Amino acid sequence: MVTGLLAILPASLVAQNTALLDALYESFASHCILLDCEYSVVSQGVPSKGGCKVEVQGISYRMQGFGLDIYCDGETVWLLDPMAKEAIAEPVNDDSFSYMSNPALLFRDMDKVFKVASATASGSGMKYNMSARKPCGISKAVLEIDRNSLLRIAEFTLDDGSVMKITVLSMQVQPLKTKESFAPGNLSSDWIITDLR
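Summarised in this report is the structure supplied together with it.

Conventions we followed
- Residues numbered from 1 in each chain as written.
- Predicted model: local features only at pLDDT ≥ 70, side-chain atom pairs only at ≥ 80, totals over all residues.
- Heavy atoms only, no water.
- Helix = DSSP H or I, 4+ residues; strand = E, 2+ residues; numbered from the N terminus.
- Buried < 20%, exposed > 50% of the residue type's maximum accessible area, 1.4 Å probe, protein only.
- Areas by Shrake-Rupley, 256 points an atom, 1.4 Å probe, with all protein chains shown as cover.
- Pairing = 2+ DSSP bridges.
- Contact = heavy atoms within 4.5 Å.
- Axes fitted to C-alpha atoms, helices over the stretch in contact; angles between N-to-C directions.
- Phe/Tyr/Trp six-rings, centres within 6.5 Å; stacked < 30°, edge-to-face > 60°.

1. So, the overall build of the chain
Right, so step 1: Per the secondary structure count, the chain includes 4 helices and 12 strands.
Right, so step 2: The buried share among the 197 residues of the chain stands at 37%.
Right, so step 3: About 10,900 Å² of surface is accessible on the chain, with carbon and sulfur atoms providing 56% of the total.

2. Notes on the pairing of strand β1 (residues 32-43)
Right, so step 1: Direction of pairing for β1 relative to strand β11 (residues 163-174): antiparallel, over a ladder of 11 bridges. Along β11, the bridge assignment pairs Leu34 with Gln172.
Right, so step 2: Both β1 and strand β2 (residues 46-57) contribute to a ladder of 11 bridges, which runs antiparallel. In the sheet register, Asp36 faces β2, and the bridge partner there is Lys53.
Right, so step 3: Joining the antiparallel neighbours β1 and β2 is a turn of 2 residues, in which Gln44 adopts a positive phi near 55°.

3. What about the side chain of Thr76?
Right, so step 1: In this structure, Thr76 sits in strand β5 (residues 76-81).
Right, so step 2: Under the relative-accessibility criterion, Thr76 is labelled buried at 7%.
Right, so step 3: Not counting residues within four places of it along the chain, the set of residues in contact with Thr76 comprises Tyr71, Ala89, Glu90, Val92 and Arg197.

4. Things to note about the sheet that holds strand β7 (residues 114-122)
Strand pairing within a sheet occurs via backbone hydrogen bonds; the two strands may be parallel or antiparallel.
Right, so step 1: Pairing within the open sheet is mixed, and its 12 strands lie in the order β7-β8-β9-β10-β11-β1-β2-β3-β4-β5-β6-β12. Across the chains shown, the open sheet's two edge strands, defined by having one partner strand only, are β7 and β12 (192-195). Put simply, the sheet's adjacent strands are angled 15° from each other on average, direction ignored.
Right, so step 2: Sitting on the sheet, helix α2 (residues 19-30) touches β1, β7, β8 (125-132), β9 (138-145), β10 (151-158) and β11, and the angle it makes with β8 is about 75°.

5. Re the packing of aromatic side chains
Right, so step 1: Evaluated as defined, the whole model comprises 2 aromatic pairs.
Right, so step 2: An angle of 50° between the planes, with centres 5.3 Å apart, marks the rings of Tyr39 and Phe66 as tilted. Of this pair, Tyr39 sits in strand β1 while Phe66 sits in the loop between β3 (60-65) and β4 (68-72); the two residues are 27 residues apart in sequence, bridging distant segments of the chain.
Right, so step 3: Phe66 gets classed as partly exposed once you look at its relative accessible area, which sits at 49%.

Here you go:
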């Protein structure tokens, strides 16, 4: 009987350890997620910092940061420069869904991209050390999730050794929105629009 319990115990501990992560994945799969983030990147010894707001729902997303607004409704990607009042519309293609260039998609597909290597308690939540399931330009990740299954820190190590750390200042789990919410709407006549669709 003791041997049977010992055989079951590791499986139950793994299940407990991934409960917060599984709940986070479920939130991304069935809701609209709003993230307000700060990021830092160290690439070839050169640091850079900034902030962005990300809204993810399925294959649709909105991202504000780097001086740009990016919208994708799953069919078209719009890149807007509000200061210059310039916009580019392109059809969705394989590059539109590159994890290396699109943090919104990386958040959405974390369960597809990474597998858990280890899980440890961290404060009132869990810290997950993860490795890539397949080549994607990112070799490993570390996620810290609080006891409410909200993402707090995500750190990604790229294949070239660069490290991107994202600190989530706030994460909101909201009801699903319409497809039109992920398009820029009508732009005024003073915008320069390049439509490549």
